[in-house]
Amino acid sequence: MTYYDHGTPAERWERARMFFDAKDYAAAARVLGGLVEETPEQTGPRLLLARAYYHSAQLRRAETELRVIVERDPVEHYARLLLGRTLERQGRAAEAEPHLRLASALAGDFEQL
């Protein structure tokens, strides 16, 4: 057992959030990876893991996690937005556009449509 795996799920969630808030995205991802494996049905840890991957430029990993979320919950606004931004950062603007438009609509921002 490593430092990243030590403690209850609640303790590891708090540790991951502390790493994320401190902008240590790689460490946050290490903690969150285990949490997501243990509780794959929970959106919160998976979304924070995707954000940690995004901020540490692990864009393919972020995309993978975000696609799982939007497949399970197609109206998850923030996951759609982040998926669009992730695709944009990979130079895939045409693929990003539908996700960004849907995120805007879900947020009630119809002016951009």
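Preceding block: the structure.
The notes below deal with the structure included here.

1. Here's the deal with unusual backbone geometry
Not every positive phi belongs to a glycine, and Lys-23 is a case in point at roughly 65 degrees. In this fold, Lys-23 is placed in the loop between helix H1 (9–21) and helix H2 (25–38). Classification of Lys-23 by relative accessible area gives exposed; the value is 61%. Even without glycine at this site, Ala-57 takes up a positive phi of about 60 degrees.

2. Details of the nonpolar core
If you look at the biggest cluster of nonpolar residues, it comprises 30 residues, and the most contacted ones within it are Leu-32 and Leu-66. The set of elements that each furnish at least two residues to this core consists of H1, H2, helix H3 (43–55), helix H4 (59–72), helix H5 (77–89) and helix H6 (93–106). Here the element with the most residues in this core is H2; it accounts for 8 residues. With residues up to four places along the chain from it excluded, the contact list for Leu-66 reads Leu-47, Ala-50, Ala-79, Leu-82, Leu-83 and Thr-86.

3. Looking at a nonpolar patch on the surface
A cluster of nonpolar side chains, contributed by Val-75, Leu-102 and Leu-106, occupies part of the molecular surface with about 230 Å² of accessible area. Along the chain, Val-75 turns up in the loop between H4 and H5. Owing to a relative accessible area of 56%, Val-75 belongs among the exposed residues under this scheme.

4. Notes on the packing of aromatic side chains
Aromatic ring pairs are defined here through the distance separating the ring centres and the angle between the ring planes. Inspection of the entire model under this criterion finds 1 aromatic pair. Taking 5.0 Å as the distance between ring centres and 70 degrees as the angle between the ring planes, the aromatic pair formed by Phe-20 and Tyr-25 counts as edge-to-face. The ring of Tyr-54 carries the charged tip of Arg-89 above its face, separated from the ring centre by 4.6 Å.

Rules used throughout
Residues numbered from 1 in each chain as written. Predicted model: local features only at pLDDT ≥ 70, side-chain atom pairs only at ≥ 80, totals over all residues. Heavy atoms only, no water. Helix = DSSP H or I, 4+ residues; strand = E, 2+ residues; numbered from the N terminus. Buried < 20%, exposed > 50% of the residue type's maximum accessible area, 1.4 Å probe, protein only. Core = buried A, V, L, I, M, F, W, Y, C linked by side-chain atoms within 4.5 Å. Contact = heavy atoms within 4.5 Å. Patch = residues over 30% accessible without salt bridge, like charges linked within 9 Å, V, L, I, M, F, W, Y side chains within 5 Å. Areas by Shrake-Rupley, 256 points an atom, 1.4 Å probe, with all protein chains shown as cover. Salt bridge = Lys/Arg side-chain N within 4 Å of Asp/Glu carboxyl O. Phe/Tyr/Trp six-rings, centres within 6.5 Å; stacked < 30°, edge-to-face > 60°. Lys NZ or Arg CZ within 6 Å of the ring centre and 35° of its normal.

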